[in-house]
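Reading the structure
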Amino acid sequence: MNDDQQPTVAEITREARARCLAIGGGALEAVETLRAELEKNPALGRRAQGAAGGMKIFTTRLEGTGLRPALTVTYVYDAPPPEPGLIRIALVSPVRFAGGDTEF
């Protein structure tokens, strides 16, 4: 980020926060760490198609631990000038594997 760039603000929506609490095992703490990282690097993850206007939709995966499953996190990045960019972490869900122990 340059000195003349506005910082990006990232937040966890109420729904995503509630989902993290339901998942448990440190899910909220992991997503909070991601939230802080997104303020520095808003384009982490894989960009999805279909966002309207200047908004961009991204998904990323957080590896699991012994206490919680791997998580898929979806967030929306909206950066209309001249305001600072705003990221909303909107969806958090456990990664489901179709083939048992299959990993990506």
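All of these numbers come straight from a predicted model, not from anything done at the bench. (Residues numbered from 1 in each chain as written. Predicted model: local features only at pLDDT ≥ 70, side-chain atom pairs only at ≥ 80, totals over all residues. Heavy atoms only, no water.)

This part is about helix α1 (residues 14-23). Those residues of α1 not exposed but buried are A16, C20 and I23. Seen from one end, α1 has its buried residues packed into an arc of 65 degrees, which puts them on one side. The exposed residues of α1 that point more than 90 degrees off its buried face are R14, E15, L21 and A22. The elements touched by buried residues of α1 are β1 (9-12), α2 (27-40), β4 (71-78) and β5 (86-94). Phi turns positive one or two residues past the end of α1, at G24, with a value near 70 degrees. (Buried < 20%, exposed > 50% of the residue type's maximum accessible area, 1.4 Å probe, protein only. Helix = DSSP H or I, 4+ residues; strand = E, 2+ residues; numbered from the N terminus. Arc of directions from axis to C-beta. Contact = heavy atoms within 4.5 Å.)

Turning our eyes to something else, we now look at the environment of P94. Relative to the helices and strands, P94 resides in strand β5. Along the chain, P94 and R68 lie 26 residues apart, while their C-alpha atoms are 8.6 Å from each other. Ignoring anything within four residues of it in the chain, the contact list for P94 reads R19, I23, P69, A70 and L71.

Among the 8 residues in β4, 6 count as buried, and that is most of the element. Looking at chain direction, strand β3 (residues 55-62) and β4 are connected through 8 bridges and run antiparallel. Counted as the bridge partner of F58 is Y75 from β4. Looking at chain direction, β4 and β5 are connected through 8 bridges and run antiparallel. Its bridge partner lying in β5, Y75 is registered against I89. (Pairing = 2+ DSSP bridges.)

Evaluated as defined, the whole model comprises 5 salt bridges. Residue R35 is joined to E32 by a salt bridge in which the shortest nitrogen-to-oxygen separation is 2.7 Å. In this pair, R35 and E32 both sit in helix α2, 3 residues apart, roughly one turn of the helix. For R35, a relative accessible area of 16% puts it in the buried group. Taking the relative accessible area as the measure of exposure, E32 reaches 30% and is therefore partly exposed. (Salt bridge = Lys/Arg side-chain N within 4 Å of Asp/Glu carboxyl O.)

Our focus in this paragraph is the sheet that holds β5. Pairing in this open sheet of 5 strands is mixed, and the strands run β1-β5-β4-β3-β2 from one edge to the other. In this open sheet, the two strands that pair with only one neighbour each are β1 and β2 (46-48). This sheet shows a mean twist of 30 degrees between the axes of neighbouring strands, independent of strand direction. Taken strand by strand, α1 contacts β1, β4 and β5, and its axis lies near 30 degrees from that of β5. Strand contacts of α2: β1, β3, β4 and β5, with the helix running at about 165 degrees to β1, the strand carrying the most contacts. (Axes fitted to C-alpha atoms, helices over the stretch in contact; angles between N-to-C directions.)

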